[in-house]
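# Geometric and topological summary
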Amino acid sequence: MTLQAGVVAVQGDVSEHAAAIERAASAHGQDSKIVEIREAGLVPQCDVLLVPGGESTTISRLLQREGIAEEIVAHVEAGKPMLATCAGLIVSATDAQDDRVETLNLLDVTVERNAFGRQKDSFETALDIDGLDEPFPAVFIRAPVIDEAFEDVEVLAEFDGNPVAVRQGPVVGTSFHPELTPDSRLHDLAFFETTE
Ligand code: GLN
């Protein structure tokens, strides 16, 4: 069976995520087909979904305008896996503390955009993540932190006392970019180690 993996491609990085999904799928003996999501009508054919980094204001505006937002919500309501990274996490939250971002309310968290100080605008750290045996090389780029994770949210990793990786039902969200190193364990965790 071929895994149909939708990657939201209205803005932001697609190819690295596509490569990571393909590596994770082939480790499970599965072929994968990457579906680039730029318009409505494609999400319903996807088994898993990825909302990448980029600029959350732009991504949320385009998702709403194109009618993709409601399809993403339906995907999650159907219990299908989704991974949301960096700006994708902001867009998926219940509260982005920024009126310019119309959130999808899929992760019951309050996030703060660009929360790491200037000296830490971009950095990499080895992060302990629940469900992974060895630390994960996490690359943060103008990343959000999660200020508050409410009761239905499982915190998978913290950095400097704040959650930076969470799971709620079929949705995994990360502040960092798991696609920027050859390590595809986070994509594997999100898409193949679901709690459903
Ligand atoms: N700073 C961006 C935002 O607030 C997120 C950065 C990223 O996705 N790397 O939307």
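## Some remarks on the pairing of strand 3 (residues 48–51)
Residues V48 and L50 line one face of strand 3 and the alternating positions L49 and V51 line the opposite face, and both faces are buried. In the sheet, strand 1 (residues 2–8) pairs with strand 3 via 3 bridges, with the strands oriented parallel. Counterpart to G6 in the pairing with strand 3 is L49. In the sheet, strand 3 pairs with strand 4 (residues 82–85) via 3 bridges, with the strands oriented parallel.

## Regarding the site of the ligand
Every residue lining the ligand is accounted for by G53, G54, E55, S56, C86, A87, I90, R113, N114, I141, R142 and H177. The contact in question runs from an oxygen atom of the ligand to an N or O atom on the side chain of R113, over 2.7 Å. Bound to the protein, the ligand loses 96% of the 300 Å² it would expose on its own.

## Here we look at a negative patch on the surface
Taken together, the side chains of D95, E112, D147 and E148 make up a negatively charged region of the molecular surface. Within the secondary structure, E148 sits in strand 9 (residues 145–149).

## As for the sheet that holds strand 12 (residues 171–174)
Pairing in this open sheet of 7 strands is mixed, and the strands run 2-1-3-4-12-11-10 from one edge to the other. A single partner strand is all that each edge strand has here, and the edge strands are strand 2 (31–37) and strand 10 (154–159). When strand polarity is set aside, the average angle formed by the axes of neighbouring strands in this sheet is 20°. Taken together, the 4 bridges between strand 4 and strand 12 define a ladder with parallel strand orientation. Of the residues in strand 12, the one forming a bridge with A84 is G173. Sitting on the sheet, helix 3 (residues 68–77) touches strand 1, strand 2, strand 3, strand 4 and strand 12, and the angle it makes with strand 3 is about 130°.

Cut-offs used in this document
All chains use their own residue numbering, which begins from 1 and follows the written sequence. For a predicted model such as this one, the threshold for reporting local features is a pLDDT of at least 70, and the threshold for listing and counting side-chain atom pairs is 80 or more; totals across whole chains, interfaces and linings nevertheless cover every residue. The basis for the side-chain values is all heavy atoms of the structure; hydrogens and waters are excluded. Exposure categories follow from relative accessible area, calculated using a 1.4 Å probe and restricted to protein chains: below 20% of the type maximum is buried, above 50% is exposed, and the middle band is partly exposed. Here a helix means four or more residues in a row that DSSP labels H or I, a strand means two or more in a row labelled E, and each is numbered from the N terminus. Pairing between strands is defined by DSSP: at least two bridges between the two strands are required. Residues are labelled near a given molecule or strand when at least one of their non-hydrogen atoms is within 4 Å of it. By the criterion applied in these results, polar contacts are pairs of N or O atoms within 3.5 Å in which, for protein atoms, one can donate a hydrogen and the other can accept it, and in which residues neighboring in sequence qualify only through two side-chain atoms. Areas reported here follow the Shrake-Rupley algorithm with a probe of radius 1.4 Å; residue values treat only the protein chains shown as occluding. Each patch is assembled from residues with relative accessible area greater than 30% and no salt bridge, linking like charges that lie within 9 Å and nonpolar side chains (Val, Leu, Ile, Met, Phe, Trp, Tyr) that lie within 5 Å. Only one rule defines a salt bridge in this text: a Lys or Arg side-chain nitrogen within 4 Å of an Asp or Glu carboxyl oxygen. Neither His nor the chain termini are counted; the positive set is Lys and Arg, and the negative set is Asp and Glu. A charge is said to be at NZ when it belongs to Lys, at CZ for Arg, at CG for Asp and at CD for Glu. Axes, fitted as lines to C-alpha atoms, cover a helix only where it is in contact. Angles between the N-to-C directions of the axes lie from 0 to 180 degrees. Two residues form a contact once any of their heavy atoms are found within 4.5 Å.

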